[in-house]
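# Reading the structure
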2 protein chains.
Amino acid sequence: MKNFSILQTFGSNIRSLRRAQNMSQEDLADRSGLDRSYLGSVERGERNISLINILKIANALGISAKELFNDV
Amino acid sequence: MKNFSILQTFGSNIRSLRRAQNMSQEDLADRSGLDRSYLGSVERGERNISLINILKIANALGISAKELFNDV
DNA sequence: TTGTGACTATTAGTCCGTA
DNA sequence: CTACGGACTAATAGTCACA
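Just so we're clear, the structure is a prediction, and the values are computed from it rather than from any experiment. (Residues numbered from 1 in each chain as written. Chains lettered and ligands numbered in written order. Predicted model: local features only at pLDDT ≥ 70, side-chain atom pairs only at ≥ 80, totals over all residues. Heavy atoms only, no water.)

In the vicinity of DNA strand C, 20 residues are found, and the nearest of them are Gln25(A), Tyr38(B), Arg47(B), Asn48(B) and Ser50(B). A distance of 3.2 Å separates a phosphate oxygen of DNA strand C from a polar atom in the side chain of Arg18(A). Separating a phosphate oxygen of DNA strand C from a backbone N or O atom of Asp35(B) is a distance of 3.0 Å. When residues of the surface near DNA strand C are traced back to their parent elements, those giving at least two are helix 1 (4–19) and helix 3 (36–43) of chain A together with helix 3 (36–43) of chain B. A class-by-class count of the residues in the surface near DNA strand C yields 3 nonpolar, 9 polar and 8 charged. (Near = heavy atom within 4 Å. Polar contact = N/O pair within 3.5 Å; in protein donor to acceptor, adjacent residues only side chain to side chain. Helix = DSSP H or I, 4+ residues; strand = E, 2+ residues; numbered from the N terminus. Nonpolar A, V, L, I, M, F, W, Y, C, P; charged D, E, K, R; others polar.)

The next point concerns the UniProt feature "domain: HTH cro/C1-type" (unreviewed entry) in chain A. As annotated by UniProt and renumbered to match this structure, "domain: HTH cro/C1-type" (unreviewed entry) occupies residues 14–68 of chain A. Strand forms 0% of residues 14–68 of chain A and helix 60%; the C-alpha atoms that close the span are 6 Å apart. (UniProt positions renumbered as here; feature names shortened; annotations may be inferred.)

Taken together, the neighbourhood of DNA strand D is formed by 18 residues, with Ser37(A), Tyr38(A), Ser50(A), Arg15(B) and Gln25(B) sitting nearest. Near the protein, within 4 Å, the atoms of DNA strand D are sugar or phosphate in 61% of cases. In the model, a base nitrogen of DNA strand D is placed 2.4 Å from a nitrogen or oxygen of the Ser37(A) side chain. In the model, a phosphate oxygen of DNA strand D is placed 2.8 Å from a nitrogen or oxygen of the Ser50(A) main chain. Tallying contributions element by element places helix 3 of chain A first for the surface near DNA strand D, with 3 residues. Of the residues that constitute the surface near DNA strand D, the class distribution is 3 nonpolar, 7 polar and 8 charged.

Structure representation (structure tokens):
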């Protein structure tokens, strides 16, 4: 997978923002409407996630999508 | 297509940032390594672009990816 | 609670054109 | 310069059982 480190950074951002709210992957999955294992792979930087799903996650975290782009 | 207005806003951001630099779609296509007609459809909000390509576009525009998320 | 591999349906993205 | 279309291939979305 190309740009793996960028995807990893992005995924790490999701993970830390999720944990900052004491949410499990399953919690976030429920709120975003995405599959838990899919979210896990996004957090690990294994998926090249698309715009709509980025926005679903930001929404579920109650933040702006911009915050997911810290350091990427 | 779901979330059409969000994709449109995102595409508009790309378009105005591109025009602010007096670049054509073809210029941006060359710099980003993406297809010209594909970029056009992204700007029109017709495509659910993936993360790596979002970053390619931000790079080609010389900006942070965050700037593409104004108002989305 | 999370990681992982496997899988199919759907979409992303390319390349060729036209106006 | 840009919109738009057709046809095509590569890649992602989305799900599951099991580790």
